[in-house]
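A closer look at the structure
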Amino acid sequence: MNIVADLILAGTLVAVWLTAGLMADALPSARSALDLRRRAGILTALVAVGATVFVAVPVVTYLVPGESAAPAAALLPAVPALIALTASLRRMTQVRRGAGAFASAPLTPVPPALRAAAAHPLILVPLQVTGLATLLSLPIAGGLIEVPGADLAGIAITVVGVAVLAIGIRAGLRHSRLAVLALAPIGRRPRVPVDSR
């Protein structure tokens, strides 16, 4: 197998998972319940396509003769993609069903609780981390980085680790801010004057 085929496989992974990460970031900003349901459906389809590409990488490299760096390139993003397939997909299904409850009134503004659910870190973080990790797969597939023992690979993994931490903190803060809006204002009960007659 040649470098061009490896780069096509790695590039497909990058395109699908980066698009999913960007769409996950825009999910809570939907204007209506119908828009939120549509976005969650597209995001679910993108995750399914991304999983299919992960399955296609070893199949294609097995069928095409020659050495290939594509399986090694797909190994790093496979871990966060697995988390995205388990945790994120479940949460997106809940958001899609929650938005589907407003099917009879599709222009209904998104309720704060549903918006907070759409901003949950278990949706955003695994998808964006997978997108970042797929970016590392391009130089591996292109043969610029050899996977065991490359100094550049260690630096790249460190940079991705710092980015993962930043994404996680940002997603947690965003979810907390939106979750507070979902709570009813908790205040003191109004005092009722007592009639002393």
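Residues numbered from 1 in each chain as written. Predicted model: local features only at pLDDT ≥ 70, side-chain atom pairs only at ≥ 80, totals over all residues. Heavy atoms only, no water.

Let's shift gears to the environment of Ile8. Within the secondary structure, Ile8 is located in helix 1 (residues 3–26). When its relative accessible area of 54% is taken as the criterion, Ile8 is described as exposed. Residues Ile8 and Leu138, spaced 130 residues apart in sequence, show a C-alpha to C-alpha distance of 9.3 Å. (Helix = DSSP H or I, 4+ residues; strand = E, 2+ residues; numbered from the N terminus. Buried < 20%, exposed > 50% of the residue type's maximum accessible area, 1.4 Å probe, protein only.)

Right, let's talk about the nonpolar core for a bit. Counting 29 residues, the largest nonpolar core has Leu13, Trp17, Leu27, Leu36, Leu43, Ile123 and Leu127 as its most contacted members. Here this core takes 8 residues from helix 2 (residues 33–63), the largest share from any one element. Setting aside chain neighbours within four positions, we find Leu43 in contact with Ala20, Met23, Ala24, Leu27, Met92, Ile123 and Leu127. (Core = buried A, V, L, I, M, F, W, Y, C linked by side-chain atoms within 4.5 Å. Contact = heavy atoms within 4.5 Å.)

Nonpolar side chains collect at one region of the surface, where Val55, Val59, Tyr62, Leu63 and Val64 lie side by side and expose about 540 Å² of accessible area between them. Looking at the element boundaries, Val64 is found in the loop between helix 2 and helix 3 (70–100). (Patch = residues over 30% accessible without salt bridge, like charges linked within 9 Å, V, L, I, M, F, W, Y side chains within 5 Å. Areas by Shrake-Rupley, 256 points an atom, 1.4 Å probe, with all protein chains shown as cover. Salt bridge = Lys/Arg side-chain N within 4 Å of Asp/Glu carboxyl O.)

Right, let's get into the pattern of salt bridges. Note on pairing: side chains with opposite charge can pair once their charged atoms come close. All told, the structure shown has 2 salt bridges when counted by the stated rule. Measuring nitrogen to oxygen at the nearest pair gives 2.5 Å for the salt bridge that ties Asp35 to Arg38. Of this pair, Asp35 and Arg38 are both found in helix 2, 3 residues apart, which corresponds to roughly one turn of the helix. The buried category is assigned to Asp35, whose relative accessible area is 13%. Taking the relative accessible area as the measure of exposure, Arg38 reaches 47% and is therefore partly exposed. The network of salt bridges with common partners includes Asp35, Arg38 and Arg39.

Now for the environment of Leu36. Turning to its location among the elements, Leu36 is positioned in helix 2. Residues Leu36 and Gly100, spaced 64 residues apart in sequence, show a C-alpha to C-alpha distance of 9.0 Å. Look past the residues within four positions of Leu36 in its chain and what remains in contact with it is Leu27, Ala30, Val95, Ala99, Val110, Leu114 and Ala118.

Okay, the packing of helix 3 against helix 5 (residues 121–141) next. Contact geometry of helix 3 with helix 5 gives a least axis separation of 8 Å together with a crossing angle of 160 degrees. With respect to their mutual orientation, helix 3 and helix 5 come out roughly antiparallel. When you trace helix 3 past helix 5, the crossing you get is left-handed. For the contact of helix 3 with helix 5, a count of residues per class yields 20 nonpolar, 4 polar and 1 charged. (Axes fitted to C-alpha atoms, helices over the stretch in contact; angles between N-to-C directions. Parallel < 35°, antiparallel > 145°, perpendicular 65-115°, else oblique. Left-handed = near helix turned anticlockwise from the far one by under 90°. Nonpolar A, V, L, I, M, F, W, Y, C, P; charged D, E, K, R; others polar.)

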